[in-house]
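Fold and geometry: a report
Here are the chains, one letter per residue:
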Protein chains: 2
Amino acid sequence: MAKTQPDSCGLGPAFQVIGGKWKALILWLVHTEPRRFGELKRLVPDISEKMLIQQLREMEADGLVHREVFHQVPPRVEYSATPLGQSLDDALVPLANWGKQHGAAIEARKTNAA
Amino acid sequence: MAKTQPDSCGLGPAFQVIGGKWKALILWLVHTEPRRFGELKRLVPDISEKMLIQQLREMEADGLVHREVFHQVPPRVEYSATPLGQSLDDALVPLANWGKQHGAAIEARKTNAA
DNA sequence: TCAGTACCTTACAAAATTGTAGGTACTTGT
DNA sequence: ACAAGTACCTACAATTTTGTAAGGTACTGA
């Protein structure tokens, strides 16, 4: 993301950690149950491995997700939402509902305009 | 923004209309009272005129803001939030609160990591 | 030793977003 | 005539984000 939004209102930090194309989706997938790396890859087929790791690492650095390595064979890594991640996910719910309610109408408007 | 987030959850459309560096802030400024173009420019000093207009136009196309021209001299244009814009702003409040609560902690974490 | 799974990395390139610099049209004030 | 104010536009360039391709490790079973 380009730097930060001038945050007169608190949205700046939030967008900083959840902005971008994939993070919200990843958080969403991870917030109910721990997910393995390969599992996430399958659940988000359009993401490249690089992006997936990159986003996971950033979210880990921001304290949103927890990464746990199981020293097994084959190796096993699980990602789960931290309490902070959970709280962010909760804060995202109204926005998701808004999208569900108005998304279709907005899509339609765009199609007409084009 | 790059295309859309695969929206398994409704966040896709929401991010599509509010994503980017300035839109949330503009919506925030406009949602309480109508604002003139020049007024917004002063309230967001770091934005370029081009960006301001571009974002306003996109938000207008998405039905979030209403643009009203007063045929006066000097010309006068006012931007205000539509009901849809208001509803989006409401949906953004929890996220803003999250940012206010946890923003500082996240900043601190980043500083340590660097 | 070879193939196979799972996880991760790096170098490089494409695409999207944002910014800069200049310009328009109109009217008032000097 | 000319500067100043308001709202906007356009071409171009820098920055940021995302994607692609190609590895690389570690361990297992045949």
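What you see is a predicted model; the values in this text were computed from it and never measured.

Procedures and definitions
- Residues numbered from 1 in each chain as written.
- Chains lettered and ligands numbered in written order.
- Predicted model: local features only at pLDDT ≥ 70, side-chain atom pairs only at ≥ 80, totals over all residues.
- Heavy atoms only, no water.
- pLDDT = per-residue confidence, 0-100.
- Helix = DSSP H or I, 4+ residues; strand = E, 2+ residues; numbered from the N terminus.
- Least-squares fit on C-alpha atoms with pLDDT ≥ 70 in both.
- Contact = heavy atoms within 4.5 Å.
- UniProt positions renumbered as here; feature names shortened; annotations may be inferred.
- Buried area = accessible area lost by both parts, 1.4 Å probe.
- Salt bridge = Lys/Arg side-chain N within 4 Å of Asp/Glu carboxyl O.
- Polar contact = N/O pair within 3.5 Å; in protein donor to acceptor, adjacent residues only side chain to side chain.
- Buried < 20%, exposed > 50% of the residue type's maximum accessible area, 1.4 Å probe, protein only.
- Core = buried A, V, L, I, M, F, W, Y, C linked by side-chain atoms within 4.5 Å.
- Pairing = 2+ DSSP bridges.
- Axes fitted to C-alpha atoms, helices over the stretch in contact; angles between N-to-C directions.
- Parallel < 35°, antiparallel > 145°, perpendicular 65-115°, else oblique.
- Nonpolar A, V, L, I, M, F, W, Y, C, P; charged D, E, K, R; others polar.

Concerning the confidence of the model for chain A
Within chain A, residue pLDDT values average 87, and 89% of them lie at 70 or more. Across chain A, element-level confidence peaks in helix α4 (residues 49–61) of chain A with a mean pLDDT of 95 and bottoms out in helix α5 (residues 83–113) of chain A with 87.

A word on the relation of the copies chain A and chain B
When chain A is fitted onto chain B, the two copies agree to an RMSD of 0.1 Å after a turn of 180° and an axial shift of 0.0 Å. The two molecules are tied by a two-fold rotation axis, judged by turn and shift. Taken as a fraction of all interface residues of chain A, those also at the interface in chain B reach 100%, which identifies the copy contact as same-surface.

Some remarks on the UniProt feature "domain: HTH hxlR-type" (unreviewed entry) in chain A
Under the local residue numbering, the UniProt record ascribes the feature "domain: HTH hxlR-type" (unreviewed entry) to residues 9–107 of chain A. The distance from the first to the last C-alpha atom of residues 9–107 of chain A is 28 Å, and the span holds 62% helix and 14% strand.

Quick notes on the interface of chain A and chain B
Taken residue by residue, the interface counts 43 residues in chain A and 44 residues in chain B. Carbon and sulfur atoms make up 72% of the surface buried where chain A meets chain B, a total of about 4,000 Å² over both sides. Inspection of the region where chain A meets chain B yields 0 salt bridges. Linking chain A with chain B are 2 residue pairs in polar contact (both at pLDDT 80 or more).

A few points about the side chain of B:Arg35
Residue and element names in this part refer to chain B. For Arg-35, the location among the structural elements is in strand β1 (residues 35–36). You can call Arg-35 buried: its relative accessible area is 12%. Within the local environment of Arg-35, its side chain forms a polar contact with the side chain of Glu-39, the two groups lying 3.3 Å apart. Those residues in contact with Arg-35 that lie beyond four places of it in its chain are Leu-29, Val-30, Leu-40, Leu-43, Val-77, Glu-78 and Tyr-79.

Topic: the nonpolar core
Across soluble globular proteins, nonpolar side chains show a tendency to be buried alongside one another. Formed by 65 residues in total, the largest nonpolar core has its most connected members in A:Leu88, A:Leu95, A:Trp98, B:Leu88, B:Leu95 and B:Trp98. Setting aside chain neighbours within four positions, we find B:Leu95 in contact with A:Gly10, A:Leu11, A:Ala14, A:Phe15, A:Leu88, A:Ala91, A:Leu92 and A:Leu95.

Describing the sheet that holds strand β3 (residues 76–81) of chain B
Residues and elements named next belong to chain B. Reading across the sheet, the 3 strands line up as β1-β3-β2 and stay open at both edges, with antiparallel pairing between neighbours. Of all the strands in the sheet, the pair left with one neighbour each is β1 and β2 (65–70). By the bridge criterion, 2 bridges tie β1 to β3 in an arrangement that is antiparallel. Considered in β3, the bridge of Arg-36 is made with Glu-78. Its contacts with the sheet place helix α2 (residues 23–30) against β1, β2 and β3, and it is angled at close to 100° to β3. Sheet contacts for helix α4 (residues 49–61): β2 and β3; angle to β2, the most-contacted strand, approximately 115°.

Points about the packing of α2(B) against α4(B)
All names here are of chain B. Two elements in contact, α2 and α4, have axes whose closest approach is 10 Å; the angle formed by their N-to-C orientations is 75°. When the interaxial angle is binned, α2 and α4 end up roughly perpendicular. Between α2, through Lys-23, Ile-26 and Leu-27, and α4, the contact on the second element is made entirely by Leu-52, Gln-55, Leu-56, Glu-58 and Met-59. For the contact of α2 with α4, the per-class residue count stands at 5 nonpolar, 1 polar and 2 charged.

Thoughts on the pairing of β3(B)
Residue and element names in this part refer to chain B. Buried residues dominate β3, accounting for 5 of its 6 residues. Here β2 runs beside β3; their pairing, made up of 6 bridges, is antiparallel. In the strand pairing of β3, Val-65 is matched with Ala-81. Counting the residues in the hairpin turn of β2 and β3 gives 5 residues.

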